[in-house]
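Given next are the chains, with one letter for each unit.
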Amino acid sequence: MNYHVLTLFPEMIEQGLSASILGKAQEKNLINLNAVNIRDYANNKHKQVDDYPYGGGAGMVMQPQPIIDAYDSIVRKLDHRPRLIYLTPQGKTFNQDMALELSKENSLVFLCGHYEGVDERVVETIVTDEISIGDYVLTGGELAVMVIIDAISRLIPGVLKNDQSAETETFHNGLLEYPQYTRPADYNGLKVPEVLLSGHHENIDKWRKEQSLLRTALKRPDLLEKANLSTQDLKILKKILQK
Ligand code: 6GU
């Protein structure tokens, strides 16, 4: 996966994604990160990238020329026009299904806006997708793009230690993850559920499935409506909710 991030703060992106699992994934070339400073493409001698909004109003607007030239410089090195994802609270709210879909691309370009946003002609001409990470306002798209790159990257084969962990956990099947425990089995009188110590894998799987269903019903009932529950799951759920 080749990520290109168009930003006024490339060091923020580079540093934010250099630690831990994503840092390792870059070292292993499972993912590649190219943070492009939009300012480097400004055509004027003051390297200005923003200006006052036509019609007046608060803040500054990012000008089209440096952004479009920065995108074109990436396109020139490829044999196709990669998706250009603009991070904006006006976009579609990011979720796990979108992460999975984007993880199948070869190259992705992200555009981080700042100030009051980017000139609308950028959105009209080169932006293919608009994504938000939730209903709140950030100072810029940088933190949002890091969230999205993290969520996509962990789905790329080899990035996580065992491919399983990306599958079994929260949201894989539209449900929340079951509770986890580690040693000690008794922590100041707080005990790990007996079934987990039993070594009986069938019972453990059954317990975990029940816990996933129960938790989702209690904490995120909205997810339960969307999850594709089998008739077996529905039966289990009915039983545990009666208790
Ligand atoms: Cl993607 N960008 C900005 N600037 N603010 C946001 C956002 C994105 N998602 C939620 N708030």
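So, here's what we can say about the structure. (Residues numbered from 1 in each chain as written. Predicted model: local features only at pLDDT ≥ 70, side-chain atom pairs only at ≥ 80, totals over all residues. Heavy atoms only, no water.)

Here's the deal with the packing of aromatic side chains
Thinking step 1. Summed over all chains, the structure comprises one aromatic pair.
Thinking step 2. Ring plane angle 40° and centroid distance 6.3 Å describe the contact between Tyr-3 and Phe-110, whose orientation is recorded as tilted. Placement of the pair is Tyr-3 in strand β1 (residues 2-7) and Phe-110 in strand β6 (residues 107-112), with a sequence separation of 107 residues. For the residue pair Tyr-3 and Phe-110, the accessibility class agrees, reading buried in each case. (Phe/Tyr/Trp six-rings, centres within 6.5 Å; stacked < 30°, edge-to-face > 60°. Helix = DSSP H or I, 4+ residues; strand = E, 2+ residues; numbered from the N terminus. Buried < 20%, exposed > 50% of the residue type's maximum accessible area, 1.4 Å probe, protein only.)

Here we look at unusual backbone geometry
Thinking step 1. Here Arg-183 and Pro-184 are connected by a cis peptide whose omega angle stands at 5°.
Thinking step 2. For Pro-184, the location among the structural elements is in the loop between α7 (165-168) and β8 (186-187).
Thinking step 3. Backbone geometry places Asn-29, a non-glycine residue, at a positive phi of 60°.
Thinking step 4. With respect to the helices and strands, Asn-29 occurs in the loop between α2 (20-27) and β2 (32-37).

Quick word on the site of the ligand
Thinking step 1. Neighbouring residues of the ligand: Leu-87, Thr-88, Pro-89, Ile-131, Ser-132, Ile-133, Gly-134, Tyr-136, Leu-138, Gly-140 and Ala-144.
Thinking step 2. Between Ser-132 and the ligand, the recorded distance is 3.3 Å, taken from a side-chain N or O atom to a nitrogen atom.
Thinking step 3. Ile-133 is positioned with one of its backbone polar atoms (N or O) 3.0 Å from a nitrogen atom of the ligand.
Thinking step 4. Compared with its free state, where it exposes 290 Å², the ligand has 96% of that area covered by protein.
Thinking step 5. Those elements giving two or more residues to the shell around the ligand turn out to be β5 (83-93) and β7 (129-132).
Thinking step 6. Looking at which element gives the most residues to the shell around the ligand, the answer is β5, with three residues.
Thinking step 7. For the shell around the ligand, the class distribution of residues is seven nonpolar, four polar and no charged. (Near = heavy atom within 4 Å. Polar contact = N/O pair within 3.5 Å; in protein donor to acceptor, adjacent residues only side chain to side chain. Areas by Shrake-Rupley, 256 points an atom, 1.4 Å probe, with all protein chains shown as cover. Nonpolar A, V, L, I, M, F, W, Y, C, P; charged D, E, K, R; others polar.)

Looking at the pairing of β6
Thinking step 1. Buried residues dominate β6, accounting for six of its six residues.
Thinking step 2. Because side chains alternate across β6, one face comprises the buried residues Ser-107, Val-109 and Leu-111, and the other comprises Leu-108, Phe-110 and Cys-112, equally buried.
Thinking step 3. As defined by bridge partners, β5 adjoins β6 across five bridges and the pair is classed as parallel. Looking at the pairing, Leu-87 lines up with Cys-112 of β6.
Thinking step 4. In this fold, the crossover linking β5 to β6 by way of helix α4 (residues 96-102) has right-handed handedness. (Pairing = 2+ DSSP bridges. Right-handed = clockwise from strand over helix to strand, strands pointing away.)

So, helix α11 (residues 231-242)
Thinking step 1. With 12 residues, α11 should cover 16 Å at 1.5 Å per step; its first-to-last C-alpha distance of 17 Å lies within 8% of that length.
Thinking step 2. Those residues of α11 lying buried are Asp-233, Ile-236, Leu-237 and Ile-240. Burial along α11 is one-sided: seen end-on, the buried residues are contained in an arc of 100°. Structural note: α11 exposes Thr-231, Lys-235, Lys-238 and Gln-242 on the side pointing more than 90 degrees away from its buried face.
Thinking step 3. Among the structural elements, α9 (201-219) and α10 (221-226) are those in contact with the buried residues of α11. (Expected span 1.5 Å × (residues − 1). Arc of directions from axis to C-beta. Contact = heavy atoms within 4.5 Å.)

Comments concerning the side chain of Gln-211
Thinking step 1. Within the secondary structure, Gln-211 sits in helix α9.
Thinking step 2. With residues up to four places along the chain from it excluded, the contact list for Gln-211 reads Tyr-178 and Pro-179.

Some points on the sheet that holds β6
Thinking step 1. Spatially, five strands are ordered β2-β1-β6-β5-β7 in an open sheet, and the strand pairing comes out parallel. A strand with exactly one partner marks an edge of an open sheet, and here the two such strands are β2 and β7. On average, adjacent strands in this sheet sit at an angle of 30° to one another, irrespective of strand direction.
Thinking step 2. In this fold helix α3 (residues 64-75) packs onto β1, β2, β5 and β6, with an angle of close to 160° to the strand it touches most, β1.
Thinking step 3. Along the sheet, helix α6 (residues 142-153) makes contact with β1, β2, β5, β6 and β7, crossing β6 at roughly 160°. (Axes fitted to C-alpha atoms, helices over the stretch in contact; angles between N-to-C directions.)

Points about the packing of α9 against α11
Thinking step 1. Direction vectors running N to C along α9 and α11 enclose 70°, while the axes themselves pass 10 Å from each other. In terms of orientation, α9 lies roughly perpendicular with respect to α11. Like other packed secondary-structure pairs, α9 and α11 cross with a definite hand, here right-handed. Across the interface between the two elements, Lys-209, Glu-210, Leu-213, Leu-214 and Ala-217 of α9 pack against Asp-233, Ile-236, Leu-237, Ile-240 and Leu-241 of α11.
Thinking step 2. Among the residues forming the contact of α9 with α11, the class breakdown is seven nonpolar, no polar and three charged. (Parallel < 35°, antiparallel > 145°, perpendicular 65-115°, else oblique. Left-handed = near helix turned anticlockwise from the far one by under 90°.)

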